[in-house]
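Examination of the molecular architecture
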Amino acid sequence: MSSLPVLVLNSGSSSIKFSVYEAGGGQRCRLFEGAVDGIGTDLGKFWIRDASGKKLVDETPPLPSRSVAFKLVADALNSGEFPAPAAIGHRTVCGGPGIQENQRITPGIIDEIESYTDLAPLHTPIAVYIMREALRLFPGIPNFAVLDTYFHRTIPEVATRMPIPTEYVEMGVRRYGYHGISYESIVYQLEPELPEKLIVAHLGNGASISAIRKGRCIDTSMGLTPTGGIISGSRTGDIDPGVLLFILKQIARSTPDATEAAEKLETVVSKRSGLAGVSELSNDMRDLREAIKDGNAKARLAVDKFCWTIARWIGSYVAELNGLDMLVFTGGIGENDTASRSEICAGLGALGIVLDPERNNVRGAATISAESSAVTVRVIPPLEDLMIVNHVVRLMSA
Ligand code: ADP
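Residues numbered from 1 in each chain as written. Predicted model: local features only at pLDDT ≥ 70, side-chain atom pairs only at ≥ 80, totals over all residues. Heavy atoms only, no water.

Let us now look at the pattern of salt bridges. Considering all chains together, one arrives at 17 salt bridges under this definition. Salt bridges linked by common partners bring Arg289, Arg300, Asp304, Asp337 and Glu343 together as one network. (Salt bridge = Lys/Arg side-chain N within 4 Å of Asp/Glu carboxyl O.)

What follows is the structure, given as structure tokens:
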């Protein structure tokens, strides 16, 4: 395949991030990246910068809707000032049980992904909107869905099966797992010296952890939805189902409509819980670290709960892997919050995990384990856009 510009689109509830790579054969070169941020506000941000970091666009337009936001991106990329994309890769959080392979997007595929919006309600609505708009605004250009669940397709049934009646399993209820593009990018960066027994902790606003044997995922903490697994910024993570029933019954007293009550419950577990719920302060680790310095006990408890949960999960994955060669931290907290890394690892000496405090005191890629550690501990930033480009190139040449 000759070299082609590939556009990567990564949409969130209030932002659309994008990048363009020149890709062909084994060559990948990022030409530029950008974002529209603040969708739903009068003072949004729209920027594009080239590979050297030079800002090519830097505007603060009103962004009343996602349609205005995406049109800014499409108009800029179709203006002739930038290389027009020859293919588009869409980061796709979940496609439901019928879409587990990365593939070319058709209107039928978009309908299928949309029908499973409940699995990723924060991400899917804007993603399917942008897929439809991309087909319309970039006519004739192939679009591909690259799934966050794809990396987890190798997880055995004993881990994906939920212990619930089969009728719900047949509706698609199972462990899908998320952050898969990030995990895949860590495995990609570790090759060709990929350790056999690997645990990766992707700790960002959403947080998850995966057990990977010989490059294949064997278990991951997020489940049917990104709300499952470890506690994160504003989500519960795994929780006694009796807690959900208790809260639902409280909500139902003032909300007799079942759908409305379920939506209120969803807000509690996805937006008002996690670090934000326990700290009653913020979902953001930087705010919590500042508050801890000021002696805020609730912030301390929230962060302790976060690190304690992750340490327990690491212990259970060491058992699943029957040992551990390497532990990798990634994501905004994993890459930057040196204190979380040391607090998580503090009680894991018995598993052979020992950090070097000085090495740990860095931000960004590094090996942070002590010489005496039986397990190598590393910090590796994810390369999600590059992974999406790799899938697009593979699918185009297939
Ligand atoms: P998302 O899941 O939205 O992609 P990120 O991977 O960007 O999230 O991670 C966001 C989290 O990373 C926030 O909790 C933020 O406080 C934390 N974070 C980012 N930079 C730092 C830092 N320098 N120190 C501590 N925490 C940080």
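Picking up after the structure, the text goes on.
Before going further, it helps to spend a moment on the state of the cysteines. A covalent bond bridging the sulfur atoms of two cysteines is what the word disulfide describes. Applying the stated criterion to the full structure yields 0 disulfides. Sulfur of Cys217: no disulfide; nearest cysteine sulfur belongs to Cys94 and is 15 Å away. The thiol of Cys307 is not disulfide-bonded; the next cysteine sulfur, from Cys345, is found 9.4 Å away. (Disulfide = S-S within 2.5 Å.)

In the vicinity of the ligand, the contacting residues are Gly204, Asn205, Gly206, Asp284, Met285, Arg286, Gly331, Gly332, Ile333, Asn336, Asp337 and Arg363. Within the side chain of Asn336, a nitrogen or oxygen atom sits 3.4 Å from a nitrogen atom of the ligand. Top element by residues in the shell around the ligand is helix α12 (residues 331-336). It accounts for 4 residues. For the shell around the ligand, a count of residues per class yields 2 nonpolar, 6 polar and 4 charged. (Near = heavy atom within 4 Å. Polar contact = N/O pair within 3.5 Å; in protein donor to acceptor, adjacent residues only side chain to side chain. Helix = DSSP H or I, 4+ residues; strand = E, 2+ residues; numbered from the N terminus. Nonpolar A, V, L, I, M, F, W, Y, C, P; charged D, E, K, R; others polar.)

Turning our attention to the pairing of strand β12 (residues 326-330). Counting buried positions along β12 yields 5 of 5 residues, so the element is predominantly enclosed. Taking every second residue as pointing to the same face, both faces of β12 are buried, with Met326, Val328 and Thr330 on one and Leu327 and Phe329 on the other. As defined by bridge partners, strand β9 (residues 197-203) adjoins β12 across 5 bridges and the pair is classed as parallel. Across the sheet, residue Ala201 finds its bridge partner in β12, namely Phe329. (Buried < 20%, exposed > 50% of the residue type's maximum accessible area, 1.4 Å probe, protein only. Pairing = 2+ DSSP bridges.)

Moving on, we come to the environment of Ile39. If you trace the backbone, Ile39 turns up in the loop between β3 (27-37) and β4 (45-50). Separated by 29 residues in the primary sequence, Ile39 and Val68 have C-alpha atoms spaced 8.7 Å apart. With residues up to four places along the chain from it excluded, the contact list for Ile39 reads Ser14, Ser15, Ile16, Leu63, Ser65, Arg66, Ala69 and Ile126. (Contact = heavy atoms within 4.5 Å.)

Packing of helix α10 (residues 285-293) against helix α11 (residues 297-321) leaves a shortest axis separation of 8 Å and a crossing angle of 125°. Our classification of the angle between α10 and α11 gives oblique. When the axes of α10 and α11 are compared, the crossing they make is left-handed. Contact residues: α10 offers Met285, Leu288, Arg289, Ala291 and Ile292, while α11 offers Ala299, Arg300, Val303 and Phe306. Split by residue class, the contact of α10 with α11 holds 7 nonpolar, no polar and 2 charged. (Axes fitted to C-alpha atoms, helices over the stretch in contact; angles between N-to-C directions. Parallel < 35°, antiparallel > 145°, perpendicular 65-115°, else oblique. Left-handed = near helix turned anticlockwise from the far one by under 90°.)

Scanning the model with the defined rule gives 2 aromatic pairs in all. An angle of 50° between the planes, with centres 4.7 Å apart, marks the rings of Phe32 and Phe82 as tilted. Highlighted residues: Phe32 in strand β3 and Phe82 in the loop between α1 (66-78) and β6 (87-92), separated in sequence by 50 residues. Note on Phe32: relative accessible area 4%, which makes it buried. Between Phe151 and Tyr183, the ring centres sit 6.4 Å apart and the planes meet at 25°, which makes this aromatic pair stacked. Taken as a pair, Phe151 in the loop between β8 (143-147) and α4 (157-160) and Tyr183 in helix α6 (residues 180-190) lie far apart in primary sequence, 32 residues in all. Assessed through its relative accessible area of 7%, Phe151 is described here as buried. For the cation-ring pair, Arg66 lies above Tyr129, with the distance from its terminal atom to the ring centre recorded as 4.7 Å. One cation-aromatic arrangement involves Arg153 over Tyr150; the distance from NZ or CZ to the ring centre is 3.7 Å. (Phe/Tyr/Trp six-rings, centres within 6.5 Å; stacked < 30°, edge-to-face > 60°. Lys NZ or Arg CZ within 6 Å of the ring centre and 35° of its normal.)

Everything listed is a geometric property; what it means functionally is a separate question.
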